[in-house]
Each structure stands twice: as C-alpha cells, then as structure tokens.
Amino acid sequence: MRRRIFLATPLLLPTQLLAAAAAAAASPSSLVYPPVVPGVRLVFPRDHGAHPNFRTEWWYVTGALQTSPSGSADIGFQLTFFRSRPGTAEALHSPLAASQMLFAHAALTLPGDRLQHAERAARANLGASFSSLDCDVAIGAWRIYRQDTRSGELLHLQVHSPQFSYDFTLTPSQPLLLQGDGGYSRKGHGPQLASYYVSWPQLQVAGTLVRDGRRQVVSGRAWFDHEWSTALLGDNAVGWDWLGINLFDGGAVMAFRMRDAAGETLYAHATWRDAAGHLRQFASAAVSFAPLRRWVSPRNGASYPVELEIRFGEYRLRTRPLLDDQELSTRRPTPVVYWEGLVTVEGSFSGRGYLEMTGYAGRLRVADHGAGVGAA
Amino acid sequence: MKTLAWWLIRAQFRTRRAATLLSMLAIALGVALGYAIHLINAAALADFARAMQTVQGDPDAVIAARDSAGSVALASINDIARDPAVMVIAPVIETRVRVDQARLLVRLIGIDVFSAAAVMPRLLPRHSERALTGSIFDGGVYASPALRDKLGLQDGAPVTLRRGDQQWSTRIAGDLPAAGADDLLLVADIAWVQEHFGPDDAVSEGRVRLSPDTDPARWRATLTPQLPAGLLLRAADDDNARVSNLSRAYRVNLNVLALVALLTGAFLVFATQLTAVAQRSTQFALLGVLGLSPRMRLLQVLLEGLAIGVPGALLGLGLGYALALAFTQLLGGDLGGGYFATSAPLLVPQPLPALAFLALGCGASLAGACYPAYLNRMQPLAQALKTGFAQRPGAARAPHTRLWLPSLLALAALALTQLPPLFELPLAGYAAIALVLVIGISCAPVVTQYVFGYLARPGLPAPQQIALQNVAQAPLMAQVAASGLIVSFALTASMVIMVSSFRVAVDHWLDAVLPAPLYLRSKATPLPQELLQALLRPDAPFARIERTAHASLTIDPQRPNVALMVREIERGNPGARLPFTGAVMTPPSDDLVVVWISEPLHEIYGIQPGQTLRLPLLGGAVEVFVGGVWRDYSRQFGALVISRDDYLRLGGDFQPTDLALWPLPADAAGEAAGAWLAPYTSRYALELADAAEIRQLSLSIFDKSFAVTYALEAAAMLIGLFGLAVTLAASVWLRAGELATLGALGFSRRMLSRAVMLEGALIAAVGLLIGLACGIAIAAVLTQVVNPQAFHWRMPLDVPWSAVVFGALATLAAAVVASHYAARQATRLPVAQVLASAQ
Amino acid sequence: MLTVAGLAKRHALASRPLFSDLALTIAAGEIVALVGESGIGKSTLLNCIAGLETPDSGSIRIGPQALDIVRLDEAARAVLRAHRIGFVFQAFHVLPTLSVAQNIAVPLLLCGVPLAEHAPRTQALLERVGLAGFADRWPASLSGGELQRVAIARALVHRPALILADEPTGNLDPRTADEVLALLLDRVREPRASALIVTHSQQVAQCCDRIVTLTADGLR
C-alpha cells in the first residue's frame, strides 16, 4: 500500500529536477494507461511478472528474522521494488528510453539500534530489469525472483549495500491470497480507485544476513505483496495506515485506511484468512483505526500512533512496535518521511508483521497524485 | 660577527652596484622562467583535470572501448551492473555535434540522471521553467553557461544538433549549473542521444562506483581478463597520468631551458664573486690578520652569494608570476605547444613549488659563490696583504696536465648519449649536455694559453702585445670572462641548429604528407553522404580523390590515445603516400592485415617493422602485420595507418572525415573545384585548404611553439654579454696598479682603452669559438638523443652555418661594445693615486 | 708578554736559512724597536709572531696564558690575533668601504664585544688620536697622517697586550711621521701594552725602550 508514494512521482531526479518532474506528471499526456477493472482472472506465474502498461507496480516483502532457532523475533526487514511508467519518452525506439523506471528500498530494524536503510534507482535496460512473464525484478545486484524447484516454488531476495547485505530464500507454506474481489482491490469510493493486489503470507525465510562485515545465518517469517495499478489515491487523502500481519496460529491479517487532512478515515478495508484458508473480507464501514499511544519523531516533530487499536467486524487488534523509532527518510524518487516497521499484535489474534503510516510528517507529496488519477 | 658580515655585504653592494644587480637579475630571470613555466603548466593541467572531472566525475573505474569507433555493448554494462561490488554504473554516450549552423564542434553527453547523480554530479542539468518539454526524459538539451554565452542559446529555443548526416531537432531545456566557466558542453538524456546519433544497443562508456568495502584495484584486476577483447577497464588515475603524459616532455624541455637561464645566472654570480674576491683580497687579508677566522672568510663570500641569490630568487618569483599571467593571457595554457585547447587558465601559486624555486635560485647563486669562497679561504694572508690576489694558491700546473679532465669528461658525455631514457625522459641526454658545457669551460684556460701564448710573439705594437700577454698570463680571469659567453653561446647555437634541423625536416616531411593540391576535412564528424555521393558523379571536377577516416585507439590506458587513420592507400605501394624511414616489408600472406606505424609509435611501444601484433580494433583483438615505420612530426603519441580495403575486410564501417583532392589538370588553380565544393563547405561547416596553406599554417604553428625558446636564448646571450663586461671591468680594477704604471710610463689613455677592448674581443673570440664547438655538440645530442627520447621523432642534423656565423659575429661585436665599458674604467683610473697607494 | 725561543725559518724559495735559533723576550709594557737591513727577515719574524707564517722550529708565546702560537691551528691563531694583538701597517690598510668608526670597531666585532660598548669606545679613541668628529667620514677623504691615526685607534681599541707595527711612519712626511710616532708611543704606554716596532728610522728606534737588531747572525 505504502508504495503509492511512488505513484505520484515518476522521476527520481535529484531535487533540482523535481519541479520539472512534477510538471511532467501534471501536463496532459496523450498516454492512456489501462484501467483497473473487476473480473480479470489473474494467472500465475505470469501475473507475478510485471505489467508494464500500468502506471505503477510494486513487489514488497516484509518479515521478522531470528538469528538463532530459539531466539525471539528480533530483526525486521523490508525490501520493495517499484516499477513506474511515468509517461515520458514513450515515443522513443531506443532501448534506453526512460519509459520504465525501477526503484528499490531496503530497510533493516535492529532492536536497540536505529533503522538502517538503503535505496537504488535505475531505468529499465540500464542497470535495471524486470520480467513480464514471472516475478523477476532487479536493479544491479538487488533482485527479487521466483523459482520453480522439484520441491515446490521459492522466492529469492538479494540486497547488497554498504550498510548491510542479505540473501534470503522464501518458501511458501500457504497458497496465494488474492485481495479484494479475486485480486481486484478497491482503494476508495470511486470505481477508478483500485489496484490488482496479490499477497502471499506466511513465507518461511532462510538465508544469510551481513552487517558491519559480520555474516549471520537467519530464519524467520515473511509477507509478500505484489500490486499494480494506475490510480489509487483520492483527491482528499493525505496519507494512510496499513498493516500486514502473519498470525502465530498460521492465519493472516491485512488492513488499511486512507486518511484525510483531519485524520478522518476516507476509506478502509480488512482481510483475515485463518490457518485453514477461510477468507473473510471487511468493508470500509466495518473497519476502524484508533490511536492508543503516539511517538514523536525527534527529527521533525511528526507524531505517529505507533500503538493502534484496529477493529474489523467483531475482532480487534492492538499493535506494539519492536522499536518506536522506525521512521524512514527516503531520497528517491522524492524525499519522503514515513514510519514503517516491525510490530507485534495482540488482541483477538496475536502475530507479527509490518505497520506503515504515511502523511504524518507534513503533507505527503500526494498532490501530484490527483493529476495521476485524473489522467487515468 | 654578524654585524661585520652585514657591513661587508652592504659595502660590496654599494661599491659594485652594477655587477651585483646584474647577478641578481640573472638569478631572477632563471627563477622567473622556471617558475612561470611551472605555474602555467600546473594551471593548465589543473584546468584540464577539472574540466575532465566535470565530464567524467570521480569513478572508481571506467569501462570503455579501446577503439574510438567502438562502443560498450549494453549487455556488458548490465553484466557489470549486476556485480554485487558495483553500487552504480553510470553509462554515457558522448559525441560531437554542431549546434545549428555554428562551426564550433560541441561535446554532447548523453547521461542517465539516475546514475550520473552518484558519479558525475557536475553534469546534472537544471531544468528551466521556460522549457517546453516536461523533463530531461522527454528530450531537450541542457547547455553549459559558457556555451549558452558563446552561441546565444536561450531556454526553450529550438536547436538542431548535427553530426554528419544525422541530426536532432530539439529545444534548450535548461543549463548545467555545475559546469566550469570554460566548459562547452551539451547534456541530454542518454536515450535521446542514442536515438539520434547511436550507437545502437551500446554506449560510449560506463563509469563505475564501487561499494566502499571493495578494493578498486583488485576489482579491476579481477574483471579485466573477463572483458570482451575490444574493451578496457581504466582507473581514474590513468586519466590523470594520461593528461600529465600529454605535455610531459614538452614541459620538461621548457624547464630545462629555464635551468639553463639559472645556470647562466650561476656563472654570472661566479664571475661577480670571483672578481669581488680578487678585488678585495687585500681587505680580506687585512681582516684575516686582524683575526677574522678562515671559516668566516669562506662563509663571508658564500653569504654574499646568498645575499645576491635570495633577493634575486624572490624577485624571480614575482617576475615569474607576472610572466605566467602575461603568457597565459597571450598564448594560453600550453605556451603555444598546442596540447591544451582551453582559454587562459587560473593561476594558483602553491607554497611548496614557490619554495622549491626560491631554493633553486639561492642554490644557483651559492654554487656560483663556492669556488670564489674557496679561493678566498686559501689566500696566503701576508702575501695577499702585500701583493694582492693570488689566482692559483698552490703550485701552477702546466697546461697539458689539465687536458686529461676534459678528455675524460668527453668520454663520459659520449657514454651518456648511449643510455636509454630514464622515467621516459632523456635525462642522460640532458646530463650529456651539461657535461659538454663543463668541458667547454674547463677547456677555456688551456685554449686561451695556447692561442694567446702563440699570438703574443714579439714584434706586435705595444697595446696588442700587452693585451695578449695579459690574457695568456691570467687564464683564470679569461676563463671567468669567457665562461658565461661559452655557456650562453653554446646553448643558443645549439637551439638554433636544432630548431633549424627540425624545421628543414618538417619541411621535407610536409612535402611527403601533402601530395594533393586540395584538402577537405570535417573535424571530428564523418563527411556528409550527400557530398561523398556527389563526388562519385562524373561531373565532379576532380581527377583523383582519396578518402581518409580518422579514429583513435587506446593501447595503454595511461598514455594518450594513438591515432588510427584508415586511408585509401595501396597495400602494395604505401611508400607513395607515407614517408617511410626504413624498408617497407610485405606481409607473409595476403590475408594478413597490414598497418604502417609512425615513428613515435615505434619508439614509445617498441613495435618493430616486420612483426605481427594484436591490435584492439573494431571491438576485438585483430592480428596485424607491421609493414613499416613512417616519419610523423604531428602526432607525438603515435599513429598508425591501415588501408581502407583491410579495414573493410575486418568488418569496419568506413566513414571518411578527410578528403585529399586533385582538381582536373585544366583547373590547376583549383578555382572550379573550390566553387563546386562551396555549397557543401558552407552547409556542413567543412574546412577546405590547399596544400600551401596547410604547409604555411603548420610551419607557423611550428615557429610559435618555439617562441619561448627564442626568448630564453636571447636572455641567455644577454646574460653572457653582461658577464663578459662585468668581468672585464673587474679585471681592469684588479690590474689598476699595472695599468697605472703603464700610464705613467707613457701609454696614452686611448692606448690603454684599446688594449682592454682588444683583450675583451680576444676573450670573446675564444669563448665564441669554444661555444660554437659545444653548440654543435649539444645540437647533435638534442637531435639524436633528446628529441627521439622525449618526443619520439628523429631528424638529421643540419647546421645553418650562415645564421650561426652571423650570430657569432654579432656577439663578437656586442662583446667589443661591452668591453668598451671596461675600457672606460681603465681610462678613468686616477693614475697618480693608484701609484701612490701601490707598494 | 712575548717570549720567542729557538725560532728558525728557511727562505721560502731558497734552501738557505733566513734565521735560526732566535730568542727575544718583551716584558709587559716594554716597547722594542726591531731594526735591520732590507731582506734580512724582519717582516718574516713579525709574520711568525702574528701567526701569519709558520716557523720551521721554535716557540712563540704570547700573553698572560703564554700560548705558543706556533702550535695553534689557523683558526685558533686568528682568535689569538683578534684578542691579544694590535696591528699598525706602513700602508695603513684602512678598509675603504667602511666608515672611520666602522674601521675602528672591526676588532671589537672580532672580539665579540657587545655592540652597545662600541660607540663609546671608538669615540673615546678617536678623541685620543685627535680625530674627534671623524667618525662618519670615509677613508677616501682622509690624509695619510689621518689614516694612520685611524689605524692606530684600530690597533688599540680592543686593548691588546701586544702591538705589532711594521714601518708605521714609512709612508708619511717627516712632520706627520713625528706626530704619529709620538701618538703611537703615548697610546701604547697608556694601558701598559707591549709593542714591537719594525723600522728603518733611527729616530723611531731612539724613542723606544730597547732596540734589537736582526742580522744574518741573529738578534743583537
């Protein structure tokens, strides 16, 4: 969900070029992106691959890691690849044309330490690549790809940065979870505000983590999202809260809400799949988010409700962050400050997963979005 | 003791104002020239490096094609990008284009802003509000401030970029805020540049930023063997080495010339201090009697040398800075050498080099003061107090015993000329030149004694007799007076001979390399197809057309590129077009590609005719046969010629950039040809020149590049003449008693004056004779050792006798004038007073 | 004050001895005239005493420490000369490039006397040799008598124990010579310094405390 920051901002340019980038997004384009419509049957592994005609797309993996088999969950990780089609250079024949761009973020939450973060950006065919046939997206040595093996399918994650590196293999323990109506996931009250959204909860993680030159064998549990769309965010939205939790009992919960400037919910949705695979969806009216405790960022004064109470239907959950300070500041594609980190939940269910809260540190640069939506 | 030293120095300066000032000036001149050359060159190099830093950034490695016609495949770039040690690889496509109809060729650099931000931040453009395109990704070019000024480019203005037949109509979308004040650059998105100018599926080069925990050298070493044959991986250091190598030999040569000025200055200090010691021998003896220690008598003279050296060197630093400023404004950063084509570079004096030159100036004057100081230390006090200066404390040696030293030195000099270059510089050659000078100077007393002893036979008129006797009897003073002249004339003569030999050689060479009456070229871009097609039509007014394509190769990443010329040349008869230095060899098989290499290429890389080598051509390593070595005075870093047929056989794309044209016999003046070509030359900004123009231009460039040399020679000659005058005047004072006695005996003042002038002329004649001999020897070293080793070209020695003899006669005349100054001193001697004070 | 014993010196070019086994003693405050024929070796003896020439054998002891100047090296001789000996020459030898005061101050510089003392001492001596007001004059503007007075002042300024004078009046006219000689003797006697004066003049010799004659057979 969070990746919609990138919907707006096609270009990752150094700040001096941002004005131009924004202008580009705002100018009427002859380019028509395909609409997101209900009733499309998703086919895998093809739909794990990229959908380059759509305006934006992301592959998003979050999870909790243990460094020893007996240890508690003590490290949170996140890796996201975004694909953006900003509508530029569409007329060029050159393979280098900047019509498809890729961005990647990786973060690591270490208890008792600050969150570590690395990012990369490149245009397709020039240091970056994606496949339209299967999940395989890469920027340089960073990569997420799917592999079929004799014992079943696997996802691979590779990240190399000066601060940390990791190489994980993710083994699915459950089938895919198609959000919304068979993967058609509404994001607002208008019919055009929607995405194709596929989740894959309860992935087994095994691999190695290198930080400060020290290599560790780790294991854990992860959550994979793949979402593509052309327009997601309504005009009034300033930010959102989202969460995806692997429950200890084998179930999975996803919930989000769109907020307006007053902090009121514009649209919300929740999904719960129990360990047996029974899926329940909760419509906007049945979902609520209430702040319980706030943490104020010492850097910018933003006040994040790091402990939230989330109700959907008869259930309620309460979040508790692994670390209060999991605020993130990314430079690319545009400077954005948000909170994204590992939390544990208790209440009707208990589990561990990622909470993302945007639009608290001043207004997000979502103004650009409106135009994007309008164009769609 | 310090007070006494200071009193003596002050007294010395007061009483010998002219000589002291001249010595100071000579030191200042040497320091000034050396320092100016250093400043200019440092500034030019820094400027060049900074400009390159702007364009290239600061990558850990650069992957590029060895062949200027080649490129780096996208697949190679993406392969390297996937290496975990690689943080970013920033690809660029670079080409040269003309903007609209402007003749100027401008670098157009296609960048990918994602990666450029990390490696080449200074190339990042600033988008203008007035640009009509959305962003850099939507096309549009960004011009550096200097280029905007030069061509009057406005944001949003439409421009057409042309390269040969290819063109791109776009708009100015903004500027390059971080570009340097001199940089003439256009930047655009890499995809747009590729779309319009190619290369397909490839880029010009990729600049790599490695992860901080990776050792760049080791990474490069690991990757290099895995690269495709046509590619090379170079470090940023390589580029610095390349820039430095570009002008290194020229720079060293200029610095050696500055050292020559300094050396002449040292001789002048020597002359001044020796005469000063001789003049004051009674005073020093008195001080010695009064209790001045021998050590202090030595130190005092050295101190006086330093007192000349320090202000001289300080003056030299200031003068050098002013000179550098003036030269950079007038000639640019390369002193007319043609290595850096930038505007006047900014001079930034650093403390360390300034100190070094200060030390050099002081060292030179100290060195000059050494022997006089030693002589002063060795004077026998009681005798000196009574009879004055002893020229040679200790036993006199017969002249023949002093011949072994020059002969031994001559042998050493000969041995030095046989040595190979050190650090790629002809250091042994320079040492040999210094030795030749030492030989000349050490020969002076022997020659003087023989020549004048022989001449001073009885029967001559008294003044002549006295002059000759005097010189023969006082060889040391004659040596001192002549040494400055020997050094300066030897160096000047050698330069004149070397430059003349070079010019004659270049003249012959131009005959050989300019066979056609007319030449047409398009600078760096290919000639337009439209013109090439038209030339093939029967109505084209040419009897013969030969096309050439220019490219370049990187053989060693630390050296400047080697020029590659693809020519329409007969494989069987390359001698018709290339001035070979030796035999032309035919390849063992017709299938083997033949190249003919230039003399510098042969010298630098040690490539021999008749051998086969693997050449990085057309993206691969190609086996070629070296068919011969041809003389080339224009491409100092090497060039090779390949026939068009061979090049096409290798799969090359022949894109001519130059044409050699033979107009029809009826059109001997080439007027019809010029008229026929006119529409093309104006439309495509092509350069048309006839052979005579090119020859004239080449020779004028040649002359310009030696302008500094001439200035230095003139300075050296002037110093030498001053030295003669000063020494003669001093020796007149030294012999005041003797001359006064002669005056009392009935010699008229006119006769005395004549004797002194004759003495000056005779000393100058000996000095010039020895100087000429040394000059020819030095010229031989310069043409046969220094030039081949520093610039990698050879030339036959060609002595311009008339010029040299004229120079010698002019100097002799000047010497007579200079000794007139000394003669006037002789006529002003207060005879009575001198006689009264003499014992 | 000066003790010469067993002094021998051969002629520089010829092998014949110039003198041999010379002995001479000068007491403190004594002024001795040295006379003899030209070329007999008076100047050589003086040079040996001053350490400018080295005798073939013998010893020359000078001053209260009775240092043997023959055994000293060149640098030590220079130090001894600077501190213990004053010179007056026939040819004056006043440095033309230094002012009168500077000329007189040279021995003070060589002895390392603090600069502050120079002016009063040279000034006092200038007055005593009758050249008050000449301090800033240049030697070129002085007459022969005046130059020799400067030389006498220079010979005394550092209060040497021994004055060596070589024909001090030889270049002066008779009247000036008398004046200069009287001045020299007065100024030497004043601080009770010793002096050895080489002279051809009987008149000069008569004014001294003792006369020794150098002959081919030795000193008489």
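Residues numbered from 1 in each chain as written. Chains lettered and ligands numbered in written order. Predicted model: local features only at pLDDT ≥ 70, side-chain atom pairs only at ≥ 80, totals over all residues.

An unreviewed UniProt entry annotates chain C as ABC transporter ATP-binding protein originating from Candidatus Accumulibacter affinis.

Named according to an unreviewed UniProt entry, chain B is FtsX-like permease family protein originating from Candidatus Accumulibacter affinis. The UniProt entry for chain B carries the following comment under Sequence similarities (unreviewed entry): "Belongs to the ABC-4 integral membrane protein family. LolC/E subfamily." For the record of chain B, the UniProt heading Subcellular location (unreviewed entry) holds the text "Cell membrane". (UniProt positions renumbered as here; feature names shortened; annotations may be inferred.)

Once that is clear, we can look at the overall build of chain B. Helix and strand content of chain B: 26 helices and 21 strands. When burial is assessed residue by residue, chain B has 51% of its 839 residues classed as buried. Put simply, 83% of the contacts in chain B that link residues at least 6 apart link residues at least 24 apart. (Helix = DSSP H or I, 4+ residues; strand = E, 2+ residues; numbered from the N terminus. Buried ≥ 20, exposed ≤ 12 C-beta atoms within 10 Å, placed from the backbone. Contact = placed C-beta atoms within 7 Å.)

Now for the sheet that holds strand 2 (residues 17–26) of chain C. Residue and element names in this part refer to chain C. The sheet built from 4 strands is open, its strands ordered 2-1-4-5 with antiparallel pairing. Strands with a single pairing partner mark the edges of an open sheet, and in this sheet they are strand 2 and strand 5 (67–68). Direction of pairing for strand 1 (residues 2–10) relative to strand 4 (residues 57–62): antiparallel, over a ladder of 5 bridges. By the bridge assignment for strand 4, Ala 8 is matched with Ser 57. Contacting strand 1, strand 2 and strand 4, helix 1 (residues 42–50) crosses the sheet at an angle of about 120° to strand 1. (Pairing = 2+ DSSP bridges. Axes fitted to C-alpha atoms, helices over the stretch in contact; angles between N-to-C directions.)

Moving on to helix 1 of chain C. Since the α-helix packs 3.6 residues into each turn, any two residues three or four apart lie on the same face. Residue and element names in this part refer to chain C. Taking burial as the measure, the 9 residues of helix 1 include 8 buried ones, the bulk of the element. Those residues of helix 1 that sit buried are Lys 42, Thr 44, Leu 45, Leu 46, Asn 47, Cys 48, Ile 49 and Ala 50. Just downstream of helix 1 lies Gly 51, where phi reads positive at about 80°.

A few words on the environment of Ala 823 of chain B. Within the secondary structure, Ala 823 of chain B is located in helix 25 (residues 801–827). When neighbours within four sequence positions are excluded, Ala 823 of chain B is seen to be in contact with Ser 753, Val 756 and Met 757 of chain B.

Once that is clear, we can look at the interface of chain B and chain C. Across the contact, 20 residues belong to chain B and 22 residues belong to chain C. Secondary-structure elements contributing two or more residues to the side of chain B that touches chain C are helix 1 (2–15), helix 9 (281–290), helix 10 (294–331) and helix 12 (381–387) of chain B. In terms of residue count, the dominant contributor to the side of chain B that touches chain C is helix 1 of chain B (6 residues). For the side of chain B that touches chain C, a count of residues per class yields 11 nonpolar, 7 polar and 2 charged. (Nonpolar A, V, L, I, M, F, W, Y, C, P; charged D, E, K, R; others polar.)

The next subject is the interface of chain A and chain B. Contacts between the two partners involve 31 residues from chain A, matched on the other side by 32 residues from chain B. Broken down by secondary-structure element, the contributors of at least two residues to the side of chain A that touches chain B are helix 2 (18–26) and strand 4 (116–124) of chain A. In terms of residues, the side of chain A that touches chain B owes the most to one element, helix 2 of chain A, which gives 5 residues. Counted by class, the side of chain A that touches chain B contains 21 nonpolar, 9 polar and 1 charged residues.

All names here are of chain B. Where helix 13 (residues 404–417) meets helix 14 (residues 427–455), the axes come as close as 8 Å, and the angle between the chain directions of the two elements is 165°. The orientation of helix 13 relative to helix 14 falls into the category roughly antiparallel. As helix 13 packs across helix 14, the resulting crossing turns out to be left-handed. Residues Leu 405, Pro 406, Leu 409, Ala 410, Ala 412, Ala 413, Leu 416 and Thr 417 of helix 13 pack against Ala 428, Gly 429, Ala 431, Ala 432, Leu 435, Val 436, Val 438, Ile 439, Ser 442 and Cys 443 of helix 14. When its residues are assigned to classes, the contact of helix 13 with helix 14 shows 15 nonpolar, 3 polar and no charged. (Parallel < 35°, antiparallel > 145°, perpendicular 65-115°, else oblique. Left-handed = near helix turned anticlockwise from the far one by under 90°.)

On to the packing of helix 5 (residues 144–156) of chain C against helix 6 (residues 174–189) of chain C, then. Residues and elements named next belong to chain C. As a packed pair, helix 5 and helix 6 sit with axes 10 Å apart at the nearest point and diverge in direction by 10°. Judged by the angle between their axes, helix 5 and helix 6 are roughly parallel. Taken together, the residues of helix 6 that come into contact with helix 5 (itself represented by Gly 144, Gly 145, Gln 148, Arg 149, Ile 152 and Leu 156) are Thr 176, Glu 179, Val 180, Leu 183, Leu 184 and Arg 187. Looking at the contact of helix 5 with helix 6 residue by residue, the class counts come to 5 nonpolar, 4 polar and 3 charged.

With that settled, the discussion passes to the sheet that holds strand 7 (residues 162–166) of chain C. Residues and elements named next belong to chain C. Strand order in the open sheet made by the 6 strands is 6-7-8-3-9-10, with mixed pairing throughout. Two strands close off the open sheet at either side, each with one partner strand: strand 6 (85–88) and strand 10 (218–219). Where strand 7 meets strand 8 (residues 194–198), 5 bridges bridge the pair, whose relative direction is parallel. Its bridge partner lying in strand 8, Asp 166 is registered against Val 198. This element, helix 5, spans strand 6 and strand 7 of the sheet and lies at about 170° to strand 6.

Our focus in this paragraph is the confidence of the model for chain B. Across chain B, pLDDT averages 80, with 87% of residues at or above 70. Long-range and interchain partners of residues 393–399 of chain B, a stretch whose pLDDT sits below 50, account for 7 contacts in this model, where long-range means more than four residues apart. (pLDDT = per-residue confidence, 0-100.)

The next thing to look at is the nonpolar core. Within the largest apolar cluster, 153 residues are counted, with the highest numbers of intra-cluster contacts made by Leu 102 of chain A together with Leu 186 and Val 187 of chain B. The greatest single-element share of this core, amounting to 9 residues, is contributed by strand 3 (residues 86–99) of chain B. Leave out the neighbours within four places in its chain, and Leu 102 of chain A touches Phe 81, Phe 82, Arg 83, Ala 122, Ala 124, Ala 128, Phe 130, Val 137 and Ile 139 of chain A. Counting residues in each nonpolar core, the second largest holds 129 residues, with Ile 40, Ala 505, Leu 728 and Trp 793 of chain B among its members. (Core = buried A, V, L, I, M, F, W, Y, C linked by C-beta atoms within 7 Å.)

All names here are of chain C. With 5 bridges connecting them, strand 3 (residues 31–36) and strand 9 (residues 210–215) associate as parallel partners. Counterpart to Gly 36 in the pairing with strand 9 is Leu 214. Sheet topology note: the strand 9/strand 10 ladder contains 2 bridges and is antiparallel. Across the sheet, residue Thr 215 finds its bridge partner in strand 10, namely Gly 218. Hairpin connection from strand 9 to strand 10: 2 residues lie between these consecutive antiparallel strands.

A separate point is the confidence of the model for chain C. As a general rule, the predicted coordinates of low-pLDDT regions are not to be interpreted in detail. Residue and element names in this part refer to chain C. Residues of chain C with pLDDT of at least 70 account for 98%, and the chain-wide mean is 84. The least confident element of chain C is strand 10, whose mean pLDDT is 78; the most confident is strand 8, at 89. Taken over the whole predicted complex, pTM reads 0.68, whereas the ipTM for its chain interfaces reads 0.85.

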